[in-house]
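Commentary on secondary and tertiary structure
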Amino acid sequence: MTARFLAPQPVADHALRLALPPSDGPQVPSEAATEAVRAALAALLAEPLDGVRELVPGYASILICFEPLRVDPESLSQAIVERLSRSASAARTSSRFVEVPVCYGGEYGPDLEPVAAQLGLTPTEVIARHSDARYQVAFLGFAPGFPYLLGLPPSLHIPRRATPRLQVPAGAVAIAGAQAGIYPQDSPGGWQLLGRTPLSLLELGPSPRARLQLGDTLRFRPIAPADFVREAPPPLPAVVGEPALSVRAPGVQTTVQDLGRLGLASLGISVGGAADGVALRLANALLQNPDSAAALELTLGGPELLAECDLDVALVGLPAATVDGLPLTDGASVSVRRGQVLRCGPIRPGLRGYLAVRGGLSVPRIAGSAATDLRGQLGGLHGRALRRGDVLLRPLSASGLTRSARRLSAVGWALLAPRTTLRVTWGAQADWFASGLREHLSEQPLTVSPQSSRTGLRLQAAEPFLLSPYGQAMGSLLSEGVTAGALQVPGDGQPILLGVEQAATGGYPKLAQVISADLPLIGRLRPGQTLSLSPVSLPEALAAYRSQERALTEATEPVSPTEGRSDA
């Protein structure tokens, strides 16, 4: 098996790319490549490697994300090669056969008739060819639990819709190009919809599971509309806690966040978590909470919250916050009394601020994390932003916690200093781009578009980022694992900088990768701001990350008794 894979290559200061050799000419998905990836993934999962956080399979590669302070890429690369060498003679991994019921056409498959007309077939012929085929799950990506399926008959190959739908219903069975897939939840999408399955594809909870897994073989079985009964996902476990804050006004976009969830990228679930992980950690440090305690992430303008009990909170990046009309100190812990109203005004100069509660917030946890994934509609409060009337809980044990007041030190404030130059290392497909672009990348101003979100920043370049003749000859990139901070370049040459809620996989070439120490800056950039990219070496990226981690240990200081406590 190992002879087929190229040596693992660094594509970030925290990620390696294990890939099969590219074929000559346009890259085409194949079952042979999928089986090789599946076997390699099984080998790496059988004996987990120290420091590895995520394994993200694609059509012909695996992205291996690791903790750079625990393991160096050279040692990890050698361990991967050795692991695959030992498993080279292992038997082929077994797969499951899954039958998926589908109600075709009508309201369930609104594109069935247009697809049939475009292909010169009748709707009945399209259904027959689609349901007679056998499909293989290549990987899960795009959205949590979304299966990319190989095996669509060539007679059904058809381009995506010219205009994507703003809403595709959960369970929609779709085709696009040579691929088939199933949308696990309501989401935007541009694939052609042939029908809908009543099955639920993703089971959330403490240990999430996907109904379809890498390597599974499946067949679609037509059913009548009378047999379509949508399967309800199991409920999440109840949360025990006491009311801490109730929402009187939700703000522009306020979500529950922590540092994200690891180990689920193979299910199409990205790490997610706070868009500005440093600011969240500082807010928790002011209360002596664990780094990843759940807190509120506020975007643009904050909410209006009623204290349901006496509690301590900490504010970071919220200079216009008040309690009962009295200004609060940003970057400090604050005591709020039951019945008082906390208002968080406009956020400046950045885009986001954080409000932490001593003891953290209590919401249902998915794989140990409370983080809200808006794109995947999971985590936090029902996978969405806060609404008027929501009540946030804190652990019952939090009422007995008493600790000294703290504030940000000069070191802490320095970590929040505005910066618009992001340091980057070269991405997995940097050699696909024109050499002049790479040589003068730091001279290219990039403006953040209003069409930006936690998923990523759409950037506007004065001149499109163009592929070299070599990159053009490579054709379309096979979808592969991506990570936050990747600079993807679609066909129009206007780059996209991926944020914390990025899809687990992507199909655009990647020119560069923001270093780990600068990932929080992505969450601070506002639409209309101009940024620049500064290439650095991998050793420089690691040194910057180490320096940031050291600074975080010195980022807060106690408030002396003579200064008094910052009370509302």
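A quick note: this is a predicted structure, and the numbers were derived from the prediction, not measured.

Describing the packing of helix α5 (residues 277–286) against helix α10 (residues 538–552)
Interhelical geometry of α5 versus α10 gives an angle of 20 degrees and a closest axis separation of 11 Å. Considered as vectors, α5 and α10 are oriented roughly parallel to each other. Relative to α10, the crossing made by α5 is right-handed. Here Val 278, Arg 281 and Leu 282 of α5 lie close against α10, whose contacting residues are Gln 548, Glu 549 and Leu 552. Class assignment of the residues belonging to the contact of α5 with α10 gives a composition of 3 nonpolar, 1 polar and 2 charged.

With respect to the sheet that holds strand β29 (residues 446–448)
The strand order around the closed barrel built from 7 strands is β28-β35-β32-β33-β30-β29-β36, with neighbouring strands paired in mixed fashion. For this sheet, the mean angle separating the axes of adjacent strands, direction not counted, is 40 degrees.

Description of the sheet that holds strand β26 (residues 391–394)
Spatially, β22-β21-β24-β19-β16-β26 is the arrangement adopted by the 6 strands of the open sheet, whose pairing is antiparallel. Strand pairing shows two members of the sheet lacking a second neighbour, β22 (326–327) and β26, which therefore form its edges. Direction of pairing for strand β21 (residues 321–323) relative to β22: antiparallel, over a ladder of 2 bridges. Bridge pairing in β22 places Thr 322 opposite Pro 327.

Examining the environment of Leu 326
If you trace the backbone, Leu 326 turns up in strand β22. Between the C-alpha atoms of Leu 326 and Pro 144, which are 182 residues apart in sequence, the distance is 43 Å.

Overview of the pairing of strand β10 (residues 179–182)
Burial along β10 is two-sided: the face carrying Gln 179 and Gly 181 and the face carrying Ala 180 and Ile 182 are both buried. Judged from the 2 bridges that link them, strand β7 (residues 147–150) and β10 form a sheet pairing that is antiparallel. Bridge pairing in β10 places Tyr 148 opposite Gly 181. Pairing of strand β9 (residues 172–176) with β10, which is carried by 4 bridges, proceeds in the antiparallel orientation. Residue Ala 176 lies in a different strand from β10, and its bridge partner there is Gln 179. As consecutive antiparallel partners, β9 and β10 are separated by 2 residues, and within that stretch Gly 177 has a phi angle of approximately 60 degrees, a positive value.

Cut-offs used in this document
Residues numbered from 1 in each chain as written. Predicted model: local features only at pLDDT ≥ 70, side-chain atom pairs only at ≥ 80, totals over all residues. Heavy atoms only, no water. Axes fitted to C-alpha atoms, helices over the stretch in contact; angles between N-to-C directions. Helix = DSSP H or I, 4+ residues; strand = E, 2+ residues; numbered from the N terminus. Parallel < 35°, antiparallel > 145°, perpendicular 65-115°, else oblique. Left-handed = near helix turned anticlockwise from the far one by under 90°. Contact = heavy atoms within 4.5 Å. Nonpolar A, V, L, I, M, F, W, Y, C, P; charged D, E, K, R; others polar. Pairing = 2+ DSSP bridges. Buried < 20%, exposed > 50% of the residue type's maximum accessible area, 1.4 Å probe, protein only.

Bear in mind that shape data such as this cannot, by itself, settle questions of function.
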